[in-house]
Amino acid sequence: MTSTPLRIGIAGISGRMGQGLVRSAIESGCVVAGGTCRTSPMDAAVRARLTNNGAIVLCDSLGELAKISDVVIDFTHVTTVQSHARFLADAGVPWVLGTTGLTEADQTAVDAAALRIPIVQAANFSTGVTVLLRLAREMGAVLPAERFDAEIVEMHHRQKVDAPSGTALAIGEAVAEGRGTRLADVRAPVREGLCGPRKTGEIGFAALRGGQIVGEHELLFTSGTEQITIGHRAFDRRVFADGAVQAAQWLAGREPGHYDMEDVLGMK
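All of these numbers come straight from a predicted model, not from anything done at the bench.

Procedures and definitions
Residues numbered from 1 in each chain as written. Predicted model: local features only at pLDDT ≥ 70, side-chain atom pairs only at ≥ 80, totals over all residues. Heavy atoms only, no water. Helix = DSSP H or I, 4+ residues; strand = E, 2+ residues; numbered from the N terminus. Contact = heavy atoms within 4.5 Å. Phe/Tyr/Trp six-rings, centres within 6.5 Å; stacked < 30°, edge-to-face > 60°. Buried < 20%, exposed > 50% of the residue type's maximum accessible area, 1.4 Å probe, protein only. Lys NZ or Arg CZ within 6 Å of the ring centre and 35° of its normal. Pairing = 2+ DSSP bridges. Axes fitted to C-alpha atoms, helices over the stretch in contact; angles between N-to-C directions.

Asker: When you look at the side chain of Q19 in this model, what are you seeing that I'm missing?
Answerer: The residue Q19 is located in helix α1 (residues 16-27) in this model. When near neighbours in sequence (up to four residues on either side) are disregarded, Q19 contacts I13, S14, R49 and L50.

See the structure below:
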């Protein structure tokens, strides 16, 4: 008996990430049921490109998209998170969430939705970054803050509007968790001018922007006598789309709950 292909809905289908998700989903044997986009009004050529000449439905709202989807993948703007959480929880549709920069209220809405639907939430869906986050947590636990200063350097394309990146912050959170603290309590402010000496235990960030770099992240632990460095470079945005589609396939049929890429990759 042939199983029915998974129907994936893509929030923000008109963007670069949205179009990458379309390609990854189709190549993975899934069906792209539909998508939402902000492009309006839309000429015939744009509509044909986004809808694969009518094979994909363009929806006016996430609620409409949820009705025709088995799973929704969402890399849209942070301002949509709370409404999307309500729409998908009410519809009972699993949610793959890659939007970053969430406020405390946004995260509370996601956590509430996870009581009703399964959600995979990640700042980065690549396998390499998932492994890096695990290592960052473990290294934070064994490299004491009193001896090893932790710094995170990231570089992205010139169009990126937020800094530090969501992935950089996730790395910082992993280090802080390994050290038994919260990033909010040890994150260093932006260093500029006469900022004084580095404080023991703080986690610092440096954000670089230029060209069309997809994403580079480096974590450095430095003591008075040695330095340990681990990092990750993404060469193609496809790595994020492929990971998100893998998460969608894993998520289908799961019980309500809050999952991450370590769950998807079987690392727990």
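Having seen the structure, we can now continue with the description.
Asker: Is there a simple way to think about the packing of aromatic side chains in this case?
Answerer: Aromatic rings considered in pairs are described by the distance between their centres and by the relative angle of their planes. With the rule as written, the count across this model stands at two aromatic pairs. Here W250 and Y259 contribute two aromatic rings whose centre-to-centre distance is 5.1 Å and whose plane-to-plane angle is 80°, an arrangement assigned as edge-to-face. Assigned by exposure class, W250 and Y259 land together as buried. One Lys or Arg, R187, reaches over the ring of F205 and ends 5.4 Å from the middle of that ring. When the ring centre of W250 is taken as reference, the NZ or CZ atom of R254 above it lies at 3.9 Å.

Asker: In this structure, what is going on with the sheet that holds strand β1 (residues 7-11)? I would like to understand it.
Answerer: Spatially, seven strands are ordered β3-β2-β1-β4-β5-β6-β11 in an open sheet, and the strand pairing comes out parallel. The sheet is open, and its two edges are formed by β3 (57-59) and β11 (257-259), each paired on a single side. Neighbour-to-neighbour, the strand axes of this sheet turn through a mean angle of 20°, independent of strand direction. Here strand β6 (residues 118-121) pairs with β11 via three bridges, running parallel. Across the sheet, the residue bridging to I119 is H258, located in β11.

Asker: Hey, could you run me through the sheet that holds strand β9 (residues 215-222) in this one?
Answerer: Each strand in a sheet pairs with its neighbour through backbone hydrogen bonds, running either in the same direction (parallel) or in the opposite one (antiparallel). Strand order in the open sheet formed by four strands is β8-β7-β9-β10, with mixed pairing between adjacent strands. Edge positions in the sheet fall to β8 (203-209) and β10 (227-234), since each of these pairs with one other strand and no more. This sheet shows a mean twist of 15° between the axes of neighbouring strands, independent of strand direction. The sheet contact formed by β9 and β10 spans eight bridges and is antiparallel.

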